[in-house]
Amino acid sequence: MDDLEKAVLISFDEMGTVDSALKSQAVAFCQQMKESPTVGRVCIEKLVFCKLVQVQFWCLQTVQEVISGRYSLLSLEEKDFFRKSVFSLCGFDGVDDENAARFLDGPAFIKNKLAQVLVTLIYFEYPLVWSSVFVDLLPQLSKGARVIDMFCRVLNALDDELISLDYTRTADEMVVATRVKDAMRQQCIGQIVRVWYDIVCMYRNTDQELCSGVLDTMRRYISWIDIGLVMNDIFMPLLFELILVDGGSEQLRGAACSCVLAVVSKRMEPQPKLNILQGIQIERVFGLVTGDSDSELVSKAAALITGFAVEVLDCNRRVSTEDAKRVSTDLLNEVLPSVFYVMQNCEVDATFSIVQFLSGYVTTMKSLSPLTEKQLLHVRQILEVIRSQIRYDPAYRGNLDTLDKIGREEEDRMVEFRKDLFVLLCNVGRVAPEVTQVFIRNALNSAVASSSDVNVEEVEAALSLLHAIRESLSDESIRNGSGLLSELVPMLISTRFPCHSSRLVALMYLETITRYMKFVMENTQYIPMVLTAFLDDRGIHHQNLHVSRRASYLFMRVVKLLKAKLVPFIEKILQSLQDTVSHFTSMDFTSNQCSGAEDGSHIFEAIGILIGMEDVPLEKQSEYLASLLTPLCRQIEVLLMNAKILNPEESPAKVANIQQIIMAINALSKGFSERLVNASRPSIGLMFKQTLDALLQILIAFPKIEPLRSKVTSFIHRMIDTLGASVFPYLPKALEQLLAESETKEMVGLLVLLNQLICKFNTSVHGILDEIFPAIAGRIFTVIPSNGFPSGPGTNTEEMRELQELQKTLYTFLHVIATHGLSSIFLSTKSRAYLEPMMQLLLYTACHHKDTVVRKACVQIFIRLIKDWSVGPYGGEEKVPGFQCFVIEVFATNCCLYSVLDKSFDFRDANTLVLFGEIVMAQTIMYEKFGNEFLFHFVSKSFQSAHCPQDLAEQYCQKLQAADIKAFRSFYQSLIENLRGQQNGNLVFR
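Keep in mind that what you see is a predicted model, and the values were worked out from it rather than measured.

## Concerning the overall build of the chain
- Looking only at helices and strands, the chain has 47 helices and zero strands in total.
- The C-alpha atoms of the chain give 41 Å as radius of gyration, which overshoots the globular expectation for 990 residues (30 Å, by more than 25%).
- Here the C-alpha coordinates of the chain stretch approximately 110 × 85 × 70 Å along the principal axes.
- Per-residue burial over the chain gives 52% buried out of 990 residues.
- Partitioning the intrachain contacts of the chain with sequence separation of at least 6 by distance along the chain shows that 74% fall at a separation of at least 24.

## Notes on the nonpolar core
- Within the largest apolar cluster, 349 residues are counted, with the highest numbers of intra-cluster contacts made by Met184, Tyr956 and Tyr972.
- Per-element accounting of this core gives the leading share, twelve residues, to helix α43 (residues 883-901).
- Non-local contacts of tyrosine 972, meaning those with residues more than four positions away in its chain, are made with Cys896, Leu897, Val900, Phe916, Val920, Gln923, Phe938, Phe943 and Tyr956.

## Some thoughts on the side chain of arginine 253
- Positionally, arginine 253 belongs in helix α14 (residues 250-265).
- Although buried, arginine 253 forms no salt bridge, and the nearest oppositely charged side chain, aspartate 246, lies 4.4 Å from it.
- Within the structure, arginine 253 has its side chain in polar contact with the backbone oxygen of valine 245 (distance 3.3 Å).
- Discounting chain neighbours no more than four positions away, the residues touching arginine 253 are Leu242, Ile243, Leu244, Val245, Asp246, Gly248, Leu288 and Leu297.

## With respect to the packing of helix α33 (residues 651-669) against helix α36 (residues 706-723)
- At a closest axis distance of 10 Å, the pairing of α33 and α36 adopts a crossing angle of 15°. On the basis of their axis angle, the class for α33 and α36 is roughly parallel. Where α33 crosses over α36, the handedness of that crossing is left-handed. In this structure, α33 uses Val655, Ile658, Gln659, Ile662, Met663, Ile665, Asn666 and Ser669 to contact α36, whose residues at the interface are Pro707, Leu708, Lys711, Val712, Ser714, Phe715, Arg718, Met719 and Thr722.
- Of the residues that constitute the contact of α33 with α36, the class distribution is ten nonpolar, five polar and two charged.

## Overview of the packing of aromatic side chains
- Across all of its chains, the model carries 33 aromatic pairs by this definition.
- Geometrically, the ring pair formed by phenylalanine 905 and phenylalanine 916 is edge-to-face, given 6.2 Å between the ring centres and 65° between the ring planes. Pair noted here: phenylalanine 905 is in the loop between α43 and α44 (910-930) and phenylalanine 916 is in helix α44, with a separation of eleven residues, a long-range link. Side by side, phenylalanine 905 and phenylalanine 916 carry an identical accessibility label, which is buried.
- The lysine or arginine in question, lysine 79, covers the ring of tyrosine 71, its NZ or CZ lying 4.2 Å from the ring centre.

## Concerning the packing of α44 against helix α46 (residues 950-961)
- Relative to each other, α44 and α46 sit at 80°, their axes nearing to 10 Å. As far as their axial angle goes, α46 and α44 are roughly perpendicular. Touching Gln923, Thr924 and Tyr927 of α44 are Tyr956, Leu960 and Gln961, all from α46.

## A closer look at the pattern of salt bridges
- Across all of its chains, the model carries 51 salt bridges by this definition.
- Between glutamate 311 and arginine 267 there is a salt bridge whose closest N-O contact spans 2.6 Å. Of this pair, glutamate 311 sits in helix α16 (residues 296-318) while arginine 267 sits in the loop between α14 and α15 (270-280), and the two are 44 residues apart along the sequence.
- Classification of arginine 267 as exposed rests on a relative accessible area of 55%.
- Where arginine 387 meets glutamate 458, a salt bridge forms, and the shortest distance between an N and an O atom there is 4.0 Å. Here glutamate 458 lies in helix α23 (residues 456-469) and arginine 387 lies in helix α19 (residues 373-390), a separation of 71 residues in the sequence.
- For glutamate 458, a relative accessible area of 27% gives the class partly exposed.

## Overview of the UniProt feature "domain: Exportin-1/Importin-beta-like" (unreviewed entry) in the chain
- Following the UniProt record, the feature "domain: Exportin-1/Importin-beta-like" (unreviewed entry) maps to residues 107-260 here.
- For the annotated span residues 107-260, helix accounts for 71% and strand for 0% of the residues, and the straight-line distance between the end C-alpha atoms is 31 Å.

## Focus: the layout of surface pockets
- If you add up the space inside the largest pocket, you get close to 1400 Å³.
- Arg219, Leu261, Ala262, Ser265 and Thr351 are the residues nearest the centre of the largest pocket, which is lined by 44 residues in total.
- Sorting the residues of the lining of the largest pocket by element identifies α9 (145-163), α12 (208-221), α14, α16 and α18 (354-365) as the ones contributing at least two each.
- When residues of the lining of the largest pocket are assigned to their parent elements, the largest contribution, twelve residues, is made by α16.
- Residues of the lining of the largest pocket, tallied by class, amount to 15 nonpolar, 14 polar and 15 charged.
- Taken together, 24 residues form the lining of the second largest pocket, with Tyr392, Glu411, Val415, Met508 and Glu511 sitting closest to its centre.
- Among the elements of the structure, α21 (405-431), α23, α26 (503-515) and α29 (545-562) are those that each provide at least two residues to the lining of the second largest pocket.
- Per-element tally for the lining of the second largest pocket: the top contributor is α21, with seven residues.
- For the lining of the second largest pocket, a count of residues per class yields ten nonpolar, three polar and eleven charged.

Parameters at a glance
Residues numbered from 1 in each chain as written. Predicted model: local features only at pLDDT ≥ 70, side-chain atom pairs only at ≥ 80, totals over all residues. Heavy atoms only, no water. Helix = DSSP H or I, 4+ residues; strand = E, 2+ residues; numbered from the N terminus. Rg over C-alpha atoms; globule rule 2.2 N^0.38 Å. Buried < 20%, exposed > 50% of the residue type's maximum accessible area, 1.4 Å probe, protein only. Contact = heavy atoms within 4.5 Å. Core = buried A, V, L, I, M, F, W, Y, C linked by side-chain atoms within 4.5 Å. Lys, Arg positive; Asp, Glu negative; His and termini not counted. Salt bridge = Lys/Arg side-chain N within 4 Å of Asp/Glu carboxyl O. Polar contact = N/O pair within 3.5 Å; in protein donor to acceptor, adjacent residues only side chain to side chain. Axes fitted to C-alpha atoms, helices over the stretch in contact; angles between N-to-C directions. Parallel < 35°, antiparallel > 145°, perpendicular 65-115°, else oblique. Left-handed = near helix turned anticlockwise from the far one by under 90°. Nonpolar A, V, L, I, M, F, W, Y, C, P; charged D, E, K, R; others polar. Phe/Tyr/Trp six-rings, centres within 6.5 Å; stacked < 30°, edge-to-face > 60°. Lys NZ or Arg CZ within 6 Å of the ring centre and 35° of its normal. UniProt positions renumbered as here; feature names shortened; annotations may be inferred. 1 Å grid on protein atoms, 1.4 Å probe; cavity = no way out; pocket = protein on both sides within 12 Å on 5 of 7 lines; lining within 4 Å. Points joined across faces, edges and corners; volume = space filled by probe spheres on them.

See below:
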């Protein structure tokens, strides 16, 4: 064993027995050898004499790299040497030679690699240099099975490495593939097909594995050779004889099926294709799919049948003559029963899409009316396929009930998998609505008749069909109970399935009832049944927590829909929910019991909607509300009294308890309108005010617990909407507490709350805002940089993102103040100190912020301030000393000229054009308010610094004075674009 062989063996070590340093040396040595100009000849010699498969593989790989990487550099002698050596090693020249025999008897991966080397030569040399390669191969096949096997490996490698479109090819590879295929078609493919036929005939009884390999190779080539070479009276009878013979090898019979499928799938014009499909006589293989579904033959036969059906359907869509339509329809009717059987009983081939095929077939029926009996039968079979496909696997029943990791993954998978099937179901429902509804009714009846939990998946599937078909039905048809809906919906509502304890069944049952509530709205006699379904152990009182939570949410939606129709049932509903409400408000309640969006607060929202209607008598309304608010507020009081003596272990649970109480009260209040609590029934408003007062104590007792502050803030939002202006007396204390301990994220929430107040009450909040604005400004302007945030590595921190969010909310806050008649807030004695930093921040942002929407808001603030704070063009004492000078000399120059001259100001962007419109508007407002003083400075100073020609400056004055905003905007855009070409880079933001 020489050094190269040792190095190869060491480099191939996968057991970890070789020292890593030694292995690295070996790899380096092998790489060094590859760079030698004579490495190809060395490798051929090794292949002749060395019996180590690792060395053989390395040498073959290296020879392939030499040919593919250095072909143009090889001499004619070297090319001839490689050609003859590789051909000989394949056994195609001197098969009796000991070396060739050793390769032909060697492991499959060596033979496959050898085939790849020969294909690399074919890539470069066929047909221009080595035109006889295939012709030279064919006579050697008489030497026996080993050579035939190698011949198949070469053709397979040629398909894999060059011809097959299953792999991504470069443009050069596509050119070479076309050249090779054209040459083979012209020179030898007919001979090769004849050889395939002869080999199969000769070896079918003695070496069926070899015949299977030959047919697998042939399958690859059928897509691009002349179809007549296979689709004829010689080859097709042989293939079907192999397929249908009893006792034959399943592998061989399956390979023959795949060849017929390749014939069926060959791309061609629809009429010739239809002729071929007719000639196949596909009915001969229908019986093969009824065997063992796990067998290879059944799988291949199923693929043939479904592939045939796909092609017939394609022909049916593409043919134009009535005769061809009739023929294709007959073929489709003939094959469809077997296709449906395959879909339900066999492993479907990965390339066949059940939904795509059935959707295509249903599409052909859309133009047919009425449907024939056979087509109606097919519709029923399609529905049966859909039902079988959407069923969950019983093996996951336990996982899906507990919703563990496996169950969650399976549910997610099925939700995604079902989407297209439900679209198909709706299409079927539109084509044959009556048949579809009868099928669903029968499925439900069958589910009801089930006497035990064994049919959980069947019941869930039946309910899912009814749930999904709703998409194909109009609201009008639901209300009127069209078709069988007047029977289906009452059946659904009144049914108690034997497997209702299943999470999947219970959830789908409730979701489906909710989907058909428009029927109940019109047929109110079913309301008691709906309420019972939601309030008993099928819904809110279900043993599974996931179901009871979801039921609470869905019940809230039902209450929103029915509203006043539920007034007669309020007592019954509250009585049924008493235990749920008390559980939610118990002192032992913790966040672990109920978390996420579907928590108990939905029950309180539903109750709030019910008791918050004016249809409920005041006395009863007060009684209901007090029975809920009083114990909740009492709990808050108890918790607040014990706040200071809580130990660390108790604290998280108590905080969670308080959060849930606030959420409950918040949800409850959503059902009460502002008009009811303030105008028609102020006593109800008083109850909410007392509740607000109680909850504000939380901010004092727990000043630094962010989740509680957040929940209280959310409740204040709700009370602003519910109580209206009567909430004002409570706001100063609330805002003071929220501001006192607020971090950056909480400050954002506070600004959002103030925005709501301003937008709802406008100038009525002047006094409140005047008090709190200085503290807010003082806090924010100390943490937000006035000239933008730093960028680059290490700057994208959580803290920085929070500050950016605060800055963005601040701009909205300032914009809301300015546009709601409150700009005088900025000028109060306490706020004056923050006017300068505010103006600088707004100016910098208006000119430079990367978000054009934010820039636009800042420009709009300036426009509003100019309108509010300017005395007009005829003089008078300034409201804000220095403001006019700042606007004319700084804002106008930097924002209205320099910022738009920057080439980053992209006129092709829609948001930028909106910003530009505001900048143009600002100039018209400045001229309106400041007159010639603005015009003189802007033209003589600002334009001059931008090197604006005199004629354009004069046109600017004329256009601005003409007061035609549209014409002025168009002119100013062309002016800016003109000036950009003259800009000398000296324009600097001041």
